[in-house]
Amino acid sequence: MTVSAKTLTRHDRPDLDTIKRAPKVLLHDHLDGGLRPQTLLELADEAGYRGLPEQDEAALSHYFHEAAFSGSLVRYLEVYDHTVAVLQTAEALRRIAREAVVDLANDGVVYAELRYAPELSLRDGLSLDEAQEAIVVGLAEGEREAAALGKTIIARSLVCAMRQANLSFEVAQLAVRFRDKGVVGFDIAGPEDGFPPAKHLAAFEYLRKANVPFTIHAGEAFGPPSIKEAVAVCGTSRIGHGVRIMEDIEIPDPEDLSTAKLGLTAHTLRDRRIGLELCPTSNVQTGAVGSLAEHPIKTLLRLGFRATLNTDSRLLGDASPGEEAHRCVEALGLTIEDVRKLTVNAARCAFVHYPERKKLIEEVIVPGYDVLADWGEGPTRVM
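Reading the values: rules and limits
Residues numbered from 1 in each chain as written. Predicted model: local features only at pLDDT ≥ 70, side-chain atom pairs only at ≥ 80, totals over all residues. Heavy atoms only, no water. Helix = DSSP H or I, 4+ residues; strand = E, 2+ residues; numbered from the N terminus. Phe/Tyr/Trp six-rings, centres within 6.5 Å; stacked < 30°, edge-to-face > 60°. Buried < 20%, exposed > 50% of the residue type's maximum accessible area, 1.4 Å probe, protein only. Contact = heavy atoms within 4.5 Å. Pairing = 2+ DSSP bridges. Axes fitted to C-alpha atoms, helices over the stretch in contact; angles between N-to-C directions. Core = buried A, V, L, I, M, F, W, Y, C linked by side-chain atoms within 4.5 Å. Parallel < 35°, antiparallel > 145°, perpendicular 65-115°, else oblique. Left-handed = near helix turned anticlockwise from the far one by under 90°. Nonpolar A, V, L, I, M, F, W, Y, C, P; charged D, E, K, R; others polar. Disulfide = S-S within 2.5 Å.

Brief notes about the environment of valine 74
- For valine 74, the location among the structural elements is in helix H4 (residues 73-78).
- Residues valine 74 and glycine 304, spaced 230 residues apart in sequence, show a C-alpha to C-alpha distance of 31 Å.

As for unusual backbone geometry
- The residue arginine 273 is not glycine, and still its phi comes out positive at about 60°.
- Locating arginine 273 in the fold gives a position in the loop between helix H11 (264-271) and strand S9 (275-278).
- You will see that aspartate 318, though not glycine, has its phi angle at about 55°, which is positive.
- Tracing the sequence through the fold places aspartate 318 in the loop between helix H14 (314-317) and helix H15 (321-332).

Details of the packing of aromatic side chains
- A complete count under the given rule lists five aromatic pairs for this structure.
- A ring pair is formed by phenylalanine 186 and phenylalanine 204, whose centres lie 6.0 Å apart and whose planes are at 85°; its orientation type is edge-to-face. Here phenylalanine 204 lies in helix H9 (residues 201-209) and phenylalanine 186 lies in strand S4 (residues 183-189), a separation of 18 residues in the sequence. For the pair phenylalanine 186 and phenylalanine 204, a shared accessibility class is recorded, and that class is buried.
- Ring pairing ties together the aromatic residues Phe186, Phe204 and Phe214, which thus form one cluster.

Comments concerning the side chain of aspartate 29
- Looking at where aspartate 29 falls in the secondary structure, it is placed in strand S1 (residues 24-30).
- Setting aside residues no more than four positions away along its own chain, aspartate 29 makes contact with Glu113, Leu114, Arg115, Thr311, Asp312 and Arg314.

Considering the sheet that holds strand S3 (residues 154-162)
- Across the sheet, which stays open at both edges, the eight strands sit in the order S1-S2-S3-S4-S5-S6-S9-S10 with parallel pairing between neighbours. Looking at the sheet topology across the chains shown, the edges are occupied by S1 and strand S10 (307-309). Between one strand axis and the next, the sheet turns by 25° as a mean value, whatever way the strands run.
- Alignment of strand S2 (residues 109-116) against S3, held across six bridges, turns out to be parallel. From the neighbouring strand, tyrosine 111 faces S3, where its bridge partner is isoleucine 154.
- Here helix H6 (residues 90-106) sits on the sheet and contacts S1, S2 and S3; the angle it forms with S2, its principal contact strand, is near 150°.
- In the packing of helix H7 (residues 128-148) onto the sheet, the strands contacted are S2, S3 and S4, and the crossing angle to S3 comes to about 160°.

Digging into the nonpolar core
- By size, the foremost hydrophobic cluster in this structure holds 77 residues, and its most contacted members are Val25, Phe186, Leu207, Ile239, Leu269 and Phe305.
- For this core, the element with the most residues is helix H16 (residues 336-349), which contributes seven residues.
- Discounting chain neighbours no more than four positions away, the residues touching phenylalanine 305 are Ile249, Leu262, Ala266, Leu269, Arg270, Arg273, Leu276, Leu300 and Asn345.
- In terms of nonpolar packing, the next biggest core, distinct from the first, is built from 40 residues, Ala92, Ala97, Tyr116 and Ile135 among them.

Let's talk about the packing of helix H10 (residues 224-233) against H11
- Running from amino to carboxyl end, H10 crosses H11 at an angle of 45°, the nearest separation of the two axes being 10 Å. In terms of orientation, H10 lies oblique with respect to H11. In this structure, H10 crosses over H11, and the sense of that crossing is left-handed. Taking contact as the criterion, the partners of Pro224, Ile227, Lys228 and Val231 in H10 are, on H11, Thr265, Thr268 and Leu269.
- Classifying every residue of the contact of H10 with H11 by side-chain character gives four nonpolar, two polar and one charged.

With respect to the state of the cysteines
- A complete count under the given rule lists zero disulfides for this structure.
- Between cysteine 234, a cysteine without a disulfide, and cysteine 160, which holds the nearest cysteine sulfur, the sulfur-to-sulfur distance is 15 Å.
- We classify cysteine 234 as buried; its relative accessible area is 0%.
- No disulfide involves cysteine 328; its nearest neighbouring cysteine sulfur is the one of cysteine 279, lying 10 Å away.
- For cysteine 328, a relative accessible area of 0% puts it in the buried group.

Purely geometric stuff here, so don't read any function into it on its own.
This is the structure in structure tokens:
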């Protein structure tokens, strides 16, 4: 049974209201997977798109959630065809970015890195720069709208390239051009199996020389070799998902994590403090794990990995960051201290500069959790 903040200790499981009031950090969230259903209906009408499977807000939301449970990453990604179809104008991109920031702020998110592949919005004449400009303008508008509602959030953009396409170098150049305009990093997404990240090595080398950090989707539809390549060959400092690193970890006694035996790739992730952008609901939907109760986020956290908790796609997952965290509390028995550690981990992995990360942790996250629970001797330090 979860308990309310009035009687919460560091070892208790927080209820949904407590989690929503807790400051949260979101590192892995796709803009094209986070549209409000009503916005999607309106944008489809404006664009003349007739492909939506439902014309009612509730029914449309239900469709996306159910369709996402395919057990296949490739089929999961196909659902995005509907959202991308309506994101072909600057106005549409600006709107969904603004609304995403407001929605996250209302859920207690204090820092978010929102990702999108501008190359997906070029069908009607937008350039890469025009698409990205619309996104960063929308994020800034969302910050101001949230502030007017009494909410403070920092929202930044991750520029995505699609691994099955051939624009990664141009998109990397785009990230460099916009790094002082709201972009904090680069990502490569899309179908993982058959499209290894090393095929885009020129883009990653260019980003390293320009001192632009990047994350790589890996360890979702493909196992530890994909993660190893992302780290050892491409030089990433974060892994998008990474849930299948568990295939490189043997735990003879699940009740005693000190018995865990790590392979070299798992050791490397932990030793180098490489962030794992875990997305539990999405990982179940794509078949990376069998159920939320089997998800390794709690195990990875307690083994000392820099695990973080994310939504991936709020529309497909039918959950806000707070609801996603509460699902894990219910399914895995996460405590308020676990949620706090996941949040601090995410802040430490953020792509903003060190003083901003330090301020976020010391002035926002730590005080925010201090008012939620009786920590006794104080929460343990998160490395």
